[in-house]
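Each chain, written out:
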Amino acid sequence: MLSSFGLLGLLGLLLGLGLLIVLTMRGFNLFITAPLCALLVALTNGIPFWQLSDKVDFVHGYMSGFSGFVAAWFLMFLLGSLFGKLMEHTGAADAVALAIVKRLGQTRAVLAIVLACAVLTYGGVSLFVVAFSAYPMAVSLFKGANLPRRFIPATLALGSVTFTMTSAGSPEIQNWIPIPYLGTTPYAGWEVSLLVAAFMAIGGYWALMTMIKHAVQKGEHFISRQSDPTLSDKPLPHWSTGLIPLLVVLVTSFILHDSLQQAALIIALAGGVISLYLLNFRFLHNPGTATNEGVLGALLAIGNTAAVVGFGGVAKLTPAFNQVVDYMTHLPGPELIGAAVAVSAIAGLTGSASGGQVIALPEIAPTYLDRGVDPEQLHRVVAISSGALDSLPHNGYVVTTIRAICGESHQNAYWPVAVVSVLMPLLGVVLAILLFQWF
């Protein structure tokens, strides 16, 4: 039974999370709302605002989460943003988009973006960087097909954080975290993973196209912005000069991933930026503007994401969070269902798929393995389930993609994102559990 203080702490944790989601949906500034919601969680859980001797306090908890994320990801955000801006300012993104339209037709604009994101993600490129890189091309394709631009974040998400992020063989960390806990390989449960990935890809694409068609029938269309690149007032490079830098990023990160881990992405992105500049410098009329926009975009994106990560840092200090983790990791019933529920719930609380796994696996892995659960089945269920509730409105990738990269509001763009990155993975993990039980 929870004490009155324990109940207050749990209510404070849930209220803080709910308030953060509501304020994010309403477009409030995350640099203000995230620490305020985290402070509410801290106060209701008896965590002091500041103390010198013991670093378990609100200020240290929030800033450790905030600064830790910036320290780990700043170079990737910076290089990824620069890459995207150079793709835009040189016209390379437009050139690639036009080449795709000529081959697939304007009606396949969404499919082209999903496939491009899927290739980059499965090639080892960070999810955030994929969004930076693919956005300029997405704008061109959506403009050519006259599709509502509020669906661009969902299109990027479908190709990045669904069927590729958690599938067998994926180099993304969400597929690699379970390995040391379960003694498996990145290809664990590949037969079921293949079926689930196909289900999420086809189902997500069908759902997204249905939403877009319905919006178009209601009169929605592409609305240009002053900051959008135009096709008519400047010559474009050959489409291959936009594709080659993407391949440089993809191939370099794939080759160096095992040996250099996260540093491989820094080298790959630097190679992509350099190759993009060398191949298209004649078309870069204002390098200073492109660089400044890239730097500012990176700072805004990583700042918004780090603000939410700081909230998670405070939440993890609370007794209420520990109670939730303890309860979720000891659920009765079938082990695969318990693992899916535990990882999904913790990922939702922290706004992080990897966070959900790292917190839950040390608790559930030894217990479930002792009960005879197949480690490959557990690996795949944990990976897929981590990519569901993590994509609630306060998730770092969601915030960065919708606001900082695409310049949309949560009210306009989040619900399509939720369909492809929350609903489809939830259905996918149900399918995975059923398939493992049957076969």
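If you check an unreviewed UniProt entry, the chain appears there as Permease from Alishewanella tabrizica.

## Some words on the overall build of the chain
The helix and strand inventory of the chain stands at 19 helices and zero strands. Taking 22 Å as the expected radius of gyration for a compact globule of 439 residues, we find that the chain reaches 22 Å, a close match to that expectation. For the chain, the spread of C-alpha atoms along the principal axes amounts to about 70 × 55 × 50 Å. Burial status across the chain gives 58% buried among its 439 residues. Across the chain, contacts joining residues at least 24 apart in sequence account for 80% of those joining residues at least 6 apart. Carbon together with sulfur atoms contributes 69% to the accessible area of the chain, which is approximately 18100 Å² in total. Separation of charge centres in the chain, based on 18 positive and 19 negative side chains, amounts to 14 Å.

## Describing the pattern of salt bridges
Counted by the stated rule, this structure contains five salt bridges. In this structure, the salt-bridge partner of arginine 149 is glutamate 408, at a minimum N-O distance of 3.8 Å. Placement of arginine 149 in the loop between helix H6 (127-145) and helix H7 (152-160) and of glutamate 408 in the loop between helix H18 (396-405) and helix H19 (410-438) is noted, with a sequence separation of 259 residues between them. Each member of the pair arginine 149 and glutamate 408 is classed as buried.

## Some points on unusual backbone geometry
With a phi angle near 55°, asparagine 146 is a residue other than glycine that sits in the positive phi range. Along the chain, the position of asparagine 146 falls in the loop between H6 and H7.

## Quick look at the environment of alanine 388
As for its placement among the helices and strands, alanine 388 is situated in the loop between helix H17 (375-386) and H18. On the accessibility criterion, alanine 388 (0% relative accessible area) is buried. For alanine 388 and alanine 353, which are 35 residues apart along the polypeptide, the C-alpha to C-alpha distance reads 7.9 Å. Those residues in contact with alanine 388 that lie beyond four places of it in its chain are Ser421, Val422, Pro425 and Leu426.

## Describing the packing of aromatic side chains
With the rule as written, the count across this model stands at seven aromatic pairs. A centroid spacing of 5.5 Å and a plane angle of 25° characterise the contact between phenylalanine 49 and phenylalanine 58, whose relative ring orientation is stacked. With a centroid separation of 6.4 Å and an interplanar angle of 40°, the aromatic rings of tyrosine 277 and phenylalanine 281 are classed as tilted. Taking the relative accessible area as the measure of exposure, tyrosine 277 reaches 42% and is therefore partly exposed.

Procedures and definitions
Each chain carries its own residue numbering, running from 1 in the written order of its sequence. Predicted model: local features are reported for residues with pLDDT of at least 70 only, side-chain atom pairs are reported and counted for 80 or more only, and whole-chain, interface and lining totals are derived from all residues. Think of the side-chain values as coming from all heavy atoms in the structure, minus any hydrogens and water. Comment: elements are numbered from the N terminus, with helices defined as DSSP H or I runs of at least four residues and strands as E runs of at least two. For this measure, only C-alpha atoms enter the radius of gyration; the expected value for a globule follows 2.2 Å times N^0.38, where N is the number of residues. Throughout this description, buried means an accessible area under 20% of the type-specific maximum (1.4 Å probe, protein chains only), exposed means over 50%, and partly exposed covers the range between. Only heavy atoms enter the contact rule, under which two residues are in contact if any of them lie within 4.5 Å. Residue exposure ignores everything except the shown protein chains as possible cover, and the areas themselves are Shrake-Rupley values with a 1.4 Å probe. Positive charges are assigned to Lys and Arg, negative charges to Asp and Glu, while His and the chain termini are left out of the count. By convention, the point assigned to a charge is CZ for Arg, NZ for Lys, CD for Glu and CG for Asp. Any Lys or Arg side-chain nitrogen found within 4 Å of a carboxyl oxygen on Asp or Glu counts as a salt bridge. Each pair of aromatic rings taken from Phe, Tyr and Trp, with Trp reduced to its six-membered ring, is defined by centres within 6.5 Å and is described as stacked if the planes are under 30 degrees apart, edge-to-face if over 60, and tilted in the remaining cases.

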